[in-house]
Amino acid sequence: ARDRAHLVVADDLSAVARAAADLFVQVGQSSAGAQRRFAVALSGGSTPRALHALLGAPPYHDAINWAAVQLYWGDDRCVPPDDPESNYRMARETLLDALLARGDLREEQIHRMPTELPPQEAASAYESQLRQAFALETGQAPRFALVFLGMGADGHTLSLFPHTAALKVTDQLVTVNFVPKLNVNRVTLTYPVANNAAHVVFLVAGADKAEALAQVLEGPRDPEQFPAQLIAPHDGQLSWLVDRAAAAHLQPGAAG
Ligand code: 6PG
């Protein structure tokens, strides 16, 4: 059934992170119980750091069945895995290294994008990994239990930046996207993959996101300009967890 998106306005980034950690535990308990496999796609940038810090420590850490977790990435930069720009490295530093050191997680449960490869090879390799891991038939998309997304001040999400080619890619699970304004290639899941997830959760914090958030949630439909508008799970729950600063330009009473 198509659930209505829901918006939570929390006081600040740490409150957003707590709401996201609560969701991780909830969704994990409902999905890992069933198939004992809880496939999660992590996002990059800086916002997820606060969430990762919570997940790696009590009480959240102890409420998660880490043995069932399979971690993937929504996107990454075309840099080696130990590069300061790497979303994978950020996750290692803020969460995964501690879980691996404690034996909560095994390397085999961590599926990073092989961004040390040339971009097209990295995208193709990751697509094959997804097809194999989710035992997909041709034309099928993986169904993640949970996809975390961020949103840039320009309304981009994943590495789907305004007016870039990847916005139109629907026949691949993973694609290379050249981002002119950054003059870099990125490897990203395509939006149909996010839209096939059971839960998609945006974490958005900071005043610099307020204008884009209002446009994405309340402005005219213009996904070329505001790619986050492409995200609409066709059989799943969409949640926006935002802080008061990012929600500043929303209509009063928008939360619910
Ligand atoms: C990335 C992310 C990107 C991010 C937004 C928000 O690779 O940078 O996947 O989509 O979520 O840019 O980034 P911040 O959380 O740093 O604001």
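Here goes a summary of the coordinates provided.

The rules behind these values
Residues numbered from 1 in each chain as written. Predicted model: local features only at pLDDT ≥ 70, side-chain atom pairs only at ≥ 80, totals over all residues. Heavy atoms only, no water. Helix = DSSP H or I, 4+ residues; strand = E, 2+ residues; numbered from the N terminus. Rg over C-alpha atoms; globule rule 2.2 N^0.38 Å. Buried < 20%, exposed > 50% of the residue type's maximum accessible area, 1.4 Å probe, protein only. Contact = heavy atoms within 4.5 Å. Lys, Arg positive; Asp, Glu negative; His and termini not counted. Charge placed at Lys NZ, Arg CZ, Asp CG, Glu CD. Near = heavy atom within 4 Å. Polar contact = N/O pair within 3.5 Å; in protein donor to acceptor, adjacent residues only side chain to side chain. Areas by Shrake-Rupley, 256 points an atom, 1.4 Å probe, with all protein chains shown as cover. 1 Å grid on protein atoms, 1.4 Å probe; cavity = no way out; pocket = protein on both sides within 12 Å on 5 of 7 lines; lining within 4 Å. Sits in = over half its atoms within 2 Å of the grid points. Phe/Tyr/Trp six-rings, centres within 6.5 Å; stacked < 30°, edge-to-face > 60°. Pairing = 2+ DSSP bridges. Axes fitted to C-alpha atoms, helices over the stretch in contact; angles between N-to-C directions.

### Observations concerning the overall build of the protein chain
Piece 1. The helix and strand tally for the protein chain stands at six helices and nine strands.
Piece 2. Its C-alpha atoms give the protein chain a radius of gyration of 17 Å, near enough to 18 Å, the size a compact globule of 256 residues would have.
Piece 3. Dimensions of the protein chain along its principal axes, counting C-alpha atoms only, are 45 × 40 × 40 Å.
Piece 4. Per-residue burial over the protein chain gives 54% buried out of 256 residues.
Piece 5. When contacts within the protein chain are restricted to residue pairs at least 6 apart in sequence, long-range pairs at least 24 apart make up 74% of them.
Piece 6. In the protein chain, 20 positive and 28 negative side-chain charges are present, and the distance between their average locations comes to 3 Å.

### Overview of the site of the ligand
Piece 1. Taken together, the neighbourhood of the ligand is formed by 15 residues, with T47, D75, R77, L158 and K209 sitting nearest.
Piece 2. At 2.7 Å from an oxygen atom of the ligand is found a side-chain nitrogen or oxygen belonging to R77.
Piece 3. L158 is positioned such that a nitrogen or oxygen atom in its backbone is 2.6 Å from an oxygen atom of the ligand.
Piece 4. For the ligand, the protein covers 88% of the area, taking 410 Å² as the surface of the free molecule.
Piece 5. The cavity where the ligand resides is the largest pocket.

### Some remarks on the packing of aromatic side chains
To describe a pair of aromatic rings, one takes the distance between the centres and the angle between the planes.
Piece 1. Taken as a whole, this structure holds nine aromatic pairs when the rule is applied.
Piece 2. For the pair F24 and F38, a centre-to-centre distance of 5.2 Å together with 75° between the ring planes defines the contact as edge-to-face. In this pair, F24 is assigned in helix α1 (residues 13-35) and F38 in strand β2 (residues 38-42), connecting sequence segments 14 residues apart. For the pair F24 and F38, one class covers both residues: buried.
Piece 3. Summarising the aromatic geometry, the rings of W73 and Y88 are spaced 5.4 Å apart at their centres and angled 70° between planes, so their arrangement reads as edge-to-face. Taken together, the positions of W73 in strand β3 (residues 69-73) and Y88 in helix α3 (residues 87-102) put the pair 15 residues apart, joining distant regions of the chain.

### Brief notes about the sheet that holds strand β9 (residues 237-243)
Piece 1. Spatial ordering of the open sheet is given by β1-β9-β8-β5-β2-β3, a layout of six strands whose pairing is parallel. Strands at the two margins of the open sheet, each flanked by one partner only, are β1 (6-10) and β3. Direction aside, neighbouring strands of the sheet carry axes that sit 20° apart on average.
Piece 2. Strand direction decides the pairing type here: strand β5 (residues 146-149) and strand β8 (residues 199-204), joined by three bridges, are parallel. Paired with L149 across the two strands is F202, which belongs to β8.

### Re the environment of A232
Piece 1. With respect to the secondary-structure elements, A232 resides in the loop between α6 (210-218) and β9.
Piece 2. According to the relative accessible area criterion, A232 is partly exposed, its value standing at 29%.
Piece 3. For the pair A232 and A197, spaced 35 residues apart in the sequence, the C-alpha separation amounts to 9.5 Å.

So yeah, pure geometry; function would need other evidence.
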